[in-house]
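Residue-level structural notes
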Amino acid sequence: MPRSNALRSLAVLFAINILNFYDRQALGAVTEPIRKEFGLSDTQIGLLGTAFTLLYAVVGLPLGRLADNWSRKKLLAGGMVLWSALTASAGLAANYSMLLVSRLGVAVGEAVCAPTATSWLGDLFPPERRSRALAIFMLGVPIGGALSFLVTGPVAEVWGWRFAMAIAAAPALLLAPVLLMLPEPVRGASEGYAASTAKPSPWPVLRIPTLWWIIASGALINFNLYAVATFLPAFLTRYHGLSVGESGFASGIGYGVAGVTGGLVAGVFGDRIVHRRKNGRMVMAALAALVAGPIAFVGIWQPPGSPYASLAWICLSLGFFNMYYGLVYSSIQDIVPPSLRGTTMAVYFLAMYLCGASFGPLITGNLSDRMARRAAEAAGSPAVTEAFKSAGLQQAMYVIPVLAVALALVLYAGSRTIVRDMARRETLT
């Protein structure tokens, strides 16, 4: 495929991933008004994210297989329309159950994005340029999250959270037709051959040791990132005293700048280091996670009423966390053949979410509730007031730096096996 078509496809898929994460994280920007309107606990707030990711993981496997055997652009366009419509429907929720159902619908639609888009990009860009392409695509995570916070929080403060959720659907009306006009690459084109039209079994990918280390790393990174996306604006509002609009705007700026910077650094240096050592991307990802841990600790540790100092440190850690995508996603494509890329991504999402990633919001929310009750009991208070809920959330967030260290160890272990698995990639077909 000509370079201009490859760049055009990358731009469109990048825009779709921005919308993907904009819609996914919109709820986090309006956590506080939703919590107060429906009288929810932090555990219930966390359950919205956990239920989303569990269903996302389960339906992702058949959709990943479909991405390897059917038109990826038709599948992605259908998923985009579905998730946008269900995001907008949250604005009609009359109770917690209706809100939960709307998020489950978003999960089904969004489950098509990663398997289809990463498989597509793997066929557009050769291995030596793939880290940068995937890093650019995954910039949709911080940019989508940033725009969600920047737009949803201030809009909710002026017009209400329901209207803020409804307007998130609009971009899909523009992106779906553009996607359908793109030429879809032949599978295996970037490696200089057309992949077999046979439908290989997905099970051999489970025999790849590095993939299991990557799955474990995915559980840890997504536990942290989903917990932050769910509770960061609430943390700034509840613990540091910002308004909903202020916390959304500040979170959006910090999240976006840090995430984009981390993603770009990963893309540039990921493609360079692979020429010097084949396991370089995994080693770099491990180092980034190791640095992120203590930085996140400092951000959470800031005293009440220090929103911008806290946000600066937390977002700096997010920059290092976001290096993960360009480095590790390209490593996944290094260890599987083109005909199994969509399936492998679906297996990765299924296993890592079931292994713990989906419980990031729920466990963090439950820890917050427990810590709040403990603080109230220690103070002899019969009621868990907003002050105790503030302290509980701050204490619960210390789980993030602890898991960052575990993430670094897991990624380093994966770097010890990846060279051997790269060498035996074609034996999987």
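Keep in mind it's a predicted model, so treat the numbers as computed, not measured.

**Concerning the overall build of the chain**
- Secondary structure summary: the chain contains 20 helices and 0 strands in total.
- Over its C-alpha trace the chain gives a radius of gyration of 21 Å, about what one expects of a compact globule, namely 22 Å for 429 residues.
- Over its C-alpha atoms, taken along the principal directions, the chain stretches across nearly 70 × 45 × 35 Å.
- Looking at the chain alone, contacts between residues at least 24 apart form 87% of all its contacts between residues at least 6 apart.
- Here the chain has roughly 15,500 Å² of accessible surface; of this, 70% comes from carbon and sulfur atoms.
- Side-chain charges of the chain comprise 32 positive and 19 negative groups, with the mean position of each set lying 8 Å from the other.

**Notes on the environment of Leu411**
- Relative to the helices and strands, Leu411 is located in helix H19 (residues 399-415).
- In the structure, Leu411 is positioned 302 residues away from Gly109 in sequence and 30 Å away in space, judged by C-alpha atoms.
- If we ignore the near neighbours within four places in the chain, the residues touching Leu411 are Ser217, Met282, Ala285, Ala286, Ala289, Tyr324 and Val328.

**Some details on the packing of helix H17 (residues 360-378) against helix H18 (residues 386-396)**
- Relative orientation of the contacting elements H17 and H18 amounts to 130 degrees, with a least axis distance of 7 Å. Between H17 and H18, the interaxial angle falls into the category oblique. You can see that H17 and H18 cross each other, and the crossing is right-handed. Contacts between H17 and H18 involve Thr364, Leu367, Ser368, Met371, Ala372, Ala375 and Ala376 from the first element and Phe388, Lys389, Gly392, Leu393, Gln395 and Ala396 from the second.

**What about the packing of helix H8 (residues 140-159) against helix H12 (residues 244-273)?**
- Look at H8 against H12: their axes get within 7 Å of each other, and the N-to-C directions meet at 170 degrees. With respect to each other, H8 and H12 are oriented roughly antiparallel. Facing Val141, Pro142, Ile143, Gly145, Ala146, Phe149, Leu150, Gly153, Pro154 and Glu157 of H8, the residues of H12 in contact are Val244, Gly245, Glu246, Gly248, Phe249, Ser251, Gly252, Ile253, Tyr255, Gly256, Gly259 and Val260.
- Of the residues belonging to the contact of H8 with H12, the class tally is 12 nonpolar, 8 polar and 2 charged.

**Some details on the packing of aromatic side chains**
- In total, this model carries 9 aromatic pairs according to the counting rule given.
- When the centroid spacing of 5.3 Å and the interplanar angle of 40 degrees are considered together, the rings of Phe297 and Tyr398 count as tilted. Highlighted residues: Phe297 in helix H13 (residues 280-301) and Tyr398 in the loop between H18 and H19, separated in sequence by 101 residues.
- Ring geometry for Tyr329 and Tyr348: centres 5.8 Å apart, planes at 85 degrees, overall edge-to-face.

**Thoughts on the nonpolar core**
- Leu179, Tyr324, Tyr329 and Tyr348 are the most contacted members of the largest nonpolar core, which has 127 residues in total.
- Sort the elements by how many residues they give to this core and helix H11 (residues 209-238) lands first, with 15 residues.
- For Leu179, the residues in contact, after removing those within four places along its chain, are Val12, Leu13, Ile16, Lys73, Leu76, Ala77, Met80 and Trp120.

**Side note on the pattern of salt bridges**
- Evaluated as defined, the whole model comprises 10 salt bridges.
- Arg35 is paired through a salt bridge with Glu386; the nearest N and O atoms lie 3.1 Å apart. With Arg35 in helix H2 (residues 31-38) and Glu386 in helix H18, the pair connects residues that are 351 residues apart, well separated along the chain.
- For Arg35, a relative accessible area of 4% puts it in the buried group.
- Looking at Glu386, the relative accessible area reads 37%, which means it is partly exposed.
- Here Asp421 ties to Arg424 by a salt bridge, and the two come within 3.8 Å at their closest N and O atoms.
- Taking relative accessible area as the criterion, Asp421 reaches 2% and is therefore assigned buried.

**Regarding H11**
- Across its 30 residues, H11 extends 43 Å between first and last C-alpha, which sits within 8% of the 44 Å expected from 1.5 Å per residue.
- Its axis deflected by about 45 degrees at Phe231, H11 carries its strongest bend there, up to four residues before the proline Pro233.
- Most of H11 is tucked away: 26 of the 30 residues are buried.

**Quick notes on the side chain of Ser390**
- Mapping Ser390 onto the fold places it in helix H18.
- In this structure, Ser390 is in contact with Arg238 and Tyr239, ignoring residues within four places of it in sequence.

**Regarding the side chain of Thr116**
- One can find Thr116 in helix H6 (residues 113-124).
- Looking at Thr116, its side chain comes within polar contact range of the main-chain oxygen of Val112, at 2.6 Å.
- At a separation of 3.1 Å, a polar atom in the side chain of Thr116 contacts the main-chain carbonyl oxygen of Cys113.
- Leaving out residues up to four positions away in the same chain, Thr116 has contacts with Ala67, Arg72, Leu75 and Leu76.

**Side note on helix H15 (residues 323-334)**
- Helix length check: H15, at 12 residues, gives a terminal C-alpha distance of 17 Å against a target of 16 Å (1.5 Å per residue), a fit within 8%.
- Where burial is concerned, most of H15 is hidden: 12 out of the 12 residues are buried.
- Taken together, the buried positions of H15 are Met323, Tyr324, Tyr325, Gly326, Leu327, Val328, Tyr329, Ser330, Ser331, Ile332, Gln333 and Asp334.

Definitions and limits used
- Residues numbered from 1 in each chain as written.
- Predicted model: local features only at pLDDT ≥ 70, side-chain atom pairs only at ≥ 80, totals over all residues.
- Heavy atoms only, no water.
- Helix = DSSP H or I, 4+ residues; strand = E, 2+ residues; numbered from the N terminus.
- Rg over C-alpha atoms; globule rule 2.2 N^0.38 Å.
- Contact = heavy atoms within 4.5 Å.
- Areas by Shrake-Rupley, 256 points an atom, 1.4 Å probe, with all protein chains shown as cover.
- Lys, Arg positive; Asp, Glu negative; His and termini not counted.
- Charge placed at Lys NZ, Arg CZ, Asp CG, Glu CD.
- Axes fitted to C-alpha atoms, helices over the stretch in contact; angles between N-to-C directions.
- Parallel < 35°, antiparallel > 145°, perpendicular 65-115°, else oblique.
- Left-handed = near helix turned anticlockwise from the far one by under 90°.
- Nonpolar A, V, L, I, M, F, W, Y, C, P; charged D, E, K, R; others polar.
- Phe/Tyr/Trp six-rings, centres within 6.5 Å; stacked < 30°, edge-to-face > 60°.
- Core = buried A, V, L, I, M, F, W, Y, C linked by side-chain atoms within 4.5 Å.
- Buried < 20%, exposed > 50% of the residue type's maximum accessible area, 1.4 Å probe, protein only.
- Salt bridge = Lys/Arg side-chain N within 4 Å of Asp/Glu carboxyl O.
- Expected span 1.5 Å × (residues − 1).
- Bend = angle between axes of the 7 residues up to and from the residue.
- Polar contact = N/O pair within 3.5 Å; in protein donor to acceptor, adjacent residues only side chain to side chain.

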